[in-house]
Structures are given as C-alpha cells and as structure tokens.
Amino acid sequence: IAESNLQVLGQILRTSTALDRSLADDLFETRAMVEGASARLAARNAAPEDIEAIREAIRLMEEAVPAYIKGERRLAEMLELDDLFHLRVAAASHNRFYIQFVNIMHTAGTDMGLYEKAYGRPPEKYYESIEFHSELADAIEKGNETEAQDIMLRHIESIETGTRIAESDEEN
C-alpha cells in the first residue's frame, strides 16, 4: 500500500509541470525535512561501501562540470548526476522510504523545471553543489549526524535561493 501511495503522489507532482511558486515552496520544505533527516540517518548508518558510492557520485559530477561549462554536456545529464548523489545519501540512510521520497521529489522538481532555473545559469553553480556534497560526505563518514543534517539543509536552502534568483531575473 505504501508503495502505491508513493506512486500516486509522484504522479500528482509530475502532472504539475508548470512552475507554481507555492508548489515549489512545498517541495523545498519537504525536501528539507526528508533529506535533512535522511542525511542524519546516513551519518548514523552508512557502511564503508555507502561512503564509497557517495564519493563516486561526487567524482562523477566533478569530472562533468568542466565539460558542461564548455557546452559539451547537457543540463539534463548534470541534473541526473546531482540526483545520483542525493539518492546515494538516501540509500546510505538504509531507510527504503527515504530513498523513494527523495526519488519522487527530485523527479518532481526536474519535471517542474525547478532545478533548471537554479542550475541553468550560471553553470558554475555546480561547483557550489560539489562543495556542499563533499562537506556532507565528510560529515557522514565521520558519523556526525547533526553536521550532516545541517549541511543538507544549507544545501537545499541554497538551491531554493537559486530558483528564486532565477525567477527574479526572468521577471526583470
């Protein structure tokens, strides 16, 4: 039953493709709650192979950013790499519901065009994400639950701010 409810929720969010600020606010609020808790739990439960998987996601993004800036990689590829990192953090929590929730939220945000707004310009924004991701990986590896949650919350706030700046730029 829980899985079918998650599928229904995902379908509802994906059908809301027009960027509605209140829906975006709901998504970021939910991301903060779920991904903050997921990061905290990852710091508690991550096995060495989880840390390796998280760090591999960071390496993939680090390798891809210069090509993206040169126009050799598409935005969709970059967003997939970012999703990979967040899903691996959720996987490191060893909570199957967090993995599903994170997947639904990232898919909905992509379908709504939210992350294109935050990361479509300037492309250097990815370096900021890599910094957050690296700090988060360090906190998870140290088992520092509070620090991991705090970093994830600051990261999500930064993404939300990026979407607001992009919207403001579009209005002007």
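This text gives an overview of the structure that appears in the document. (Residues numbered from 1 in each chain as written. Predicted model: local features only at pLDDT ≥ 70, side-chain atom pairs only at ≥ 80, totals over all residues. Heavy atoms only, no water.)

On to the pattern of salt bridges, then. Within the structure shown, the criterion is met by 12 salt bridges. Two residues, Arg31 and Glu35, come together in a salt bridge whose shortest N-O distance is 2.5 Å. In this pair, Arg31 and Glu35 both sit in helix α2 (residues 21–45), four residues apart, roughly one turn of the helix. An identical accessibility class is assigned to Arg31 and Glu35; each is buried. Of the charged contacts in the structure, one is a salt bridge between Glu128 and Lys125, with a shortest N-O distance of 3.0 Å. Taken together, the residues span about one helical turn, with Glu128 and Lys125 both in helix α7 (residues 125–142) at a distance of three residues. What makes Lys125 buried here is its relative accessible area of 15%. (Salt bridge = Lys/Arg side-chain N within 4 Å of Asp/Glu carboxyl O. Helix = DSSP H or I, 4+ residues; strand = E, 2+ residues; numbered from the N terminus. Buried < 20%, exposed > 50% of the residue type's maximum accessible area, 1.4 Å probe, protein only.)

Another point: helix α3 (residues 48–69). Working note: α-helix, 3.6 residues per turn, so residues spaced by three or four point in the same direction. Between its first and last C-alpha, α3 extends 32 Å over 22 residues, near the 32 Å set by a 1.5 Å rise per residue. Turning to α3, its buried residues are Asp50, Ile51, Ile54, Ala57, Ile58, Met61, Ala64, Val65, Ala67 and Tyr68. Directly beyond the C-terminal end of α3, a positive phi value near 85° is found at Gly71. (Expected span 1.5 Å × (residues − 1).)

If you look at the biggest cluster of nonpolar residues, it comprises 43 residues, and the most contacted ones within it are Ile54, Met78, Val89, Tyr126, Leu136 and Ile140. Among the elements of the structure, α2, α3, α4 (75–92), α5 (96–111), α6 (114–119), α7 and α8 (145–171) are those that each provide at least two residues to this core. Of the residues forming this core, the biggest block, nine residues, is contributed by α2. Not counting the four nearest positions on each side in its chain, Leu136 is found in contact with Ala39, Phe85, Val89, Ala148, Ile151 and Met152. (Core = buried A, V, L, I, M, F, W, Y, C linked by side-chain atoms within 4.5 Å. Contact = heavy atoms within 4.5 Å.)

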